[in-house]
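# Geometric and topological summary
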Amino acid sequence: MAARFMVTTPIYYVNDKPHIGQAYTTIAADVLARFHRTGGEETFFLTGTDEHGSKVEETAKKQGKTPRELCDMNVEHFKKAWKSLNISYDYFVRTTDARHQKAVEKLLSVMHEATTRNNEQVIYPAEYSGLYCLGCEKFITKKELVDGLCPDHLLEPKRVSEKNYFFRLSSYLEQVGELIRNDELKISPEERKKETLGLLKQGLDDFSISREKVSWGIPLPFDPKQNAYVWVDALPNYISAVGYGDDSEQFEKWWNEGEVVHLIGKDILKFHAIFWPAMLSAVGVSPPDRIFVHGFFTIDGQKMSKTLGNVVDPEYLVKKYGSDGTRYLLLTQFPFGQDGDIQVDRFVEKYNSDLANDLGNLVSRTLKMVKSYRQGEIPKPSAYQEPDENLKKEATECARTVWQSVQEINLKQAVDQVMKLVRSTNKYVESQAPWALAKADKRERLDTVLYTSCETLRIISALFYPVLPQGCVRIRELLGLSGEALNPTLEKAKEWGVLEPGTKVGTPESLFPRMEKKAKQEKTEVVVSGKETIPEVSFDEFSKIDLRVAEVKEAEKVKGADKLLKLKIDIGNEERQIVAGIAEQYSPEEMIGKRIVVVVNLKPAKIRGIESRGMLLAAKDGKILSLVCVDKDVKGGSDVS
Ligand code: MSP
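Thresholds applied
Residues numbered from 1 in each chain as written. Predicted model: local features only at pLDDT ≥ 70, side-chain atom pairs only at ≥ 80, totals over all residues. Heavy atoms only, no water. Disulfide = S-S within 2.5 Å. Pairing = 2+ DSSP bridges. Helix = DSSP H or I, 4+ residues; strand = E, 2+ residues; numbered from the N terminus. Core = buried A, V, L, I, M, F, W, Y, C linked by side-chain atoms within 4.5 Å. Buried < 20%, exposed > 50% of the residue type's maximum accessible area, 1.4 Å probe, protein only. Contact = heavy atoms within 4.5 Å. Salt bridge = Lys/Arg side-chain N within 4 Å of Asp/Glu carboxyl O. Near = heavy atom within 4 Å. Polar contact = N/O pair within 3.5 Å; in protein donor to acceptor, adjacent residues only side chain to side chain. Areas by Shrake-Rupley, 256 points an atom, 1.4 Å probe, with all protein chains shown as cover. Nonpolar A, V, L, I, M, F, W, Y, C, P; charged D, E, K, R; others polar. Axes fitted to C-alpha atoms, helices over the stretch in contact; angles between N-to-C directions. Left-handed = near helix turned anticlockwise from the far one by under 90°.

### Some thoughts on the state of the cysteines
- All told, the structure shown has 0 disulfides when counted by the stated rule.
- With no disulfide of its own, Cys71 has Cys133 as its nearest cysteine by sulfur position, at a separation of 19 Å.

### Considerations on the sheet that holds strand β19 (residues 575–580)
- In space, the 5 strands of this open sheet follow the order β19-β18-β17-β20-β23, with antiparallel pairing throughout. Every interior strand has two partners, whereas the edge strands, β19 and β23 (615–616), have only one.
- Note: strand β17 (residues 547–558) against strand β18 (residues 561–570), 7 bridges, orientation antiparallel. Residue pairing for β18: Val558 is matched across the bridge by Ala561.

### Overview of the nonpolar core
- Ranked by internal contacts, the top residues of the largest apolar core, which has 104 residues, are Trp82, Leu359, Leu463, Phe464 and Leu468.
- Ignoring any residue separated from it by four or fewer positions in sequence, one finds Trp82 in contact with Tyr12, Pro18, Gln22, Ala23, Thr26, Thr47, Ile87, Tyr89 and Phe92.
- By size, the runner-up hydrophobic cluster in this structure holds 68 residues, among which are Val93, Met111, Phe166 and Leu269.

### Details of the pattern of salt bridges
- On inspection of all chains with the given rule, the structure shows 42 salt bridges.
- Of the charged contacts in the structure, one is a salt bridge between Glu389 and Lys392, with a shortest N-O distance of 3.9 Å. A residue pair is termed a helical-turn pair when its members lie 3 or 4 positions apart in one helix, as Glu389 and Lys392 do in helix α13 (residues 386–407) at 3 residues.
- With a relative accessible area of 35%, Glu389 lands in the partly exposed category.

### Structural notes on the site of the ligand
- In the vicinity of the ligand there are 23 residues, among which Ile11, Gln22, Thr25, Asp50 and Asp267 approach most closely.
- In this structure, a nitrogen atom belonging to the ligand sits 2.8 Å away from a main-chain N or O atom of Ile11.
- Protein coverage of the free-state accessible area of the ligand, which is 680 Å², stands at 93%.
- Sorting the residues of the shell around the ligand by element identifies β2 (12–13), α1 (20–38), α7 (231–234) and α8 (237–240) as the ones contributing at least two each.
- In terms of residue class, the shell around the ligand is built from 12 nonpolar, 9 polar and 2 charged.

### Side note on the packing of helix α6 (residues 190–202) against helix α10 (residues 269–282)
- For the pair α6 and α10, interaxial distance at closest approach is 11 Å and the crossing angle is 65°. The chirality of how α6 crosses α10 is right-handed. On α10, the residues touching Arg192, Glu195, Thr196, Leu199 and Leu200 of α6 are Leu269, Lys270, Ala273 and Ile274.
- Within the contact of α6 with α10, the residues separate by chemical class into 5 nonpolar, 1 polar and 3 charged.

### Quick word on the sheet that holds strand β10 (residues 210–211)
- Within the open sheet, the 3 strands sit side by side as β10-β12-β11. Their pairing is antiparallel. The open sheet terminates on both sides in strands that have one partner only, identified here as β10 and β11 (219–220).
- Sheet analysis places β10 next to strand β12 (residues 223–228), joined by 2 bridges and oriented antiparallel. Bridged to Arg211 within β12 is Asn227.

If you want it as structure tokens, here you go:
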């Protein structure tokens, strides 16, 4: 385990507000940074904005602002969006910062003085002419055009010709290839390493590092009429932010002694995997340790574009799904590293099934049982039995498998592994049925089951913390952890027996409230069969009965009535209360989260003085009473027909 870990995102163009593509990379970097912090590593998480160039200049002009005003305004949108997503960056670099400018000047001066192995100047002047797309901020080849337009921006490229300075990339290709082949610069996933080696094999031309025509940029120290051009300005953010040319101690600490990982999208692979190590090599600075390249996603099968109007604002998602919800949903759509599609209209379903049901219900039922059976105190376990040992083993081993996935930067896999533990814990609770143990007064067994559930929940809260920081801190508070123990660590997630018996737990709240799905509802069908004589009713008569799926939100016993439970149910557009004679067969804890079928258009009735607005359906076979429940994840309020 490296003692120090530095992770970076690309610095984003600041001519517009952030979109979910940029949020995706930033969330991934945050998850990675948080995992490494819980792993006990000193971590530096860097993000920022790329602010120079003709596009910013043009946008500013259109908006009647100076480039600086536009940057200052838009950078706030990024900072606000990252705050709403709980992005825990340690440093936000802007290429217009004086510190960054100074570092770029220093880098360019050193480069200008440097010579290659063949004793040629690394930087040399030459005439440059090419087609330039303002949208991409880069030269574009004729082959890349579609109907004469840049396919990404639907803009006609301009022909640009001028004297430029060039970086002698061609002299570094072999060296860079060597670094990549022997993994001194590790490029992953493996296909991206191959892709980079393929590009190197094809050969690459020297690239231009300056512009005369672009005035919004950093002047070259050796020819101030020219400004540093895009990549020689942007890429050095990774070293300017840790003190290159400014603070050698800090630079040594992070760049040279830390493990440095650049997280990028596949669109900027060539610049990071080839240009950047070549530039560093020219000035005698070592390359980063690793570049992880993730794929691009489409939205509902279509490329994200302003023209199509499908660019999703990350803050809109946060408003809808919360910060944790958005982080979770974006990371679990497809494997990290591959291309994928984001189906926003499936978000509600996924949120409800994973966060509201699986995780949310586990938290609320576990804590509720501790409240009702043990006066809110974590009990002391006695002898562990096989099911407890199995869950304990799965929980304590989960930290290792998750950490392994994190090392591979396989983030979706890491998330899925924790969710698997959540599901196993729910199954454990179902199978050990603490409500039945309570009823049978099997105290010792009940204590062991409750303790095992709470401990596993503590481990889950540590392993899910990097993805769901807000929710997991809350879970830890509810479990009675405080002070230092509130901070999750990987070490403690491998241990068992950390929760102190006797600790008071908090009152559970709905951590991930279930969401409404606006889309057309699916019909839920309940098929009734098996009765020999069924009195016939007309369709008209039957259709008067309004049957709905209802989710049980709260349940409690009715004082002085052994058979009755008072339930709070969610029937989609409202919450209501019903009283049902099921207390001998079902405990309140067991009822929470169940999706039962209810007749909702009965006149309100009073049972033992308590209002009941509806009647649930149940099957009865002698003494056995079994609730009619739906077995798929249909939301409360769905029609039953
Ligand atoms: N400013 C340059 C980067 C300089 S880094 C030294 C730049 N900026 S950008 O604003 O265009 O951001 C590009 C990055 O945004 C991609 O590399 C990727 O991280 C992210 N994404 C943009 N669209 C995306 C998708 N559709 N899907 C996934 N990530 C996306 O390039």
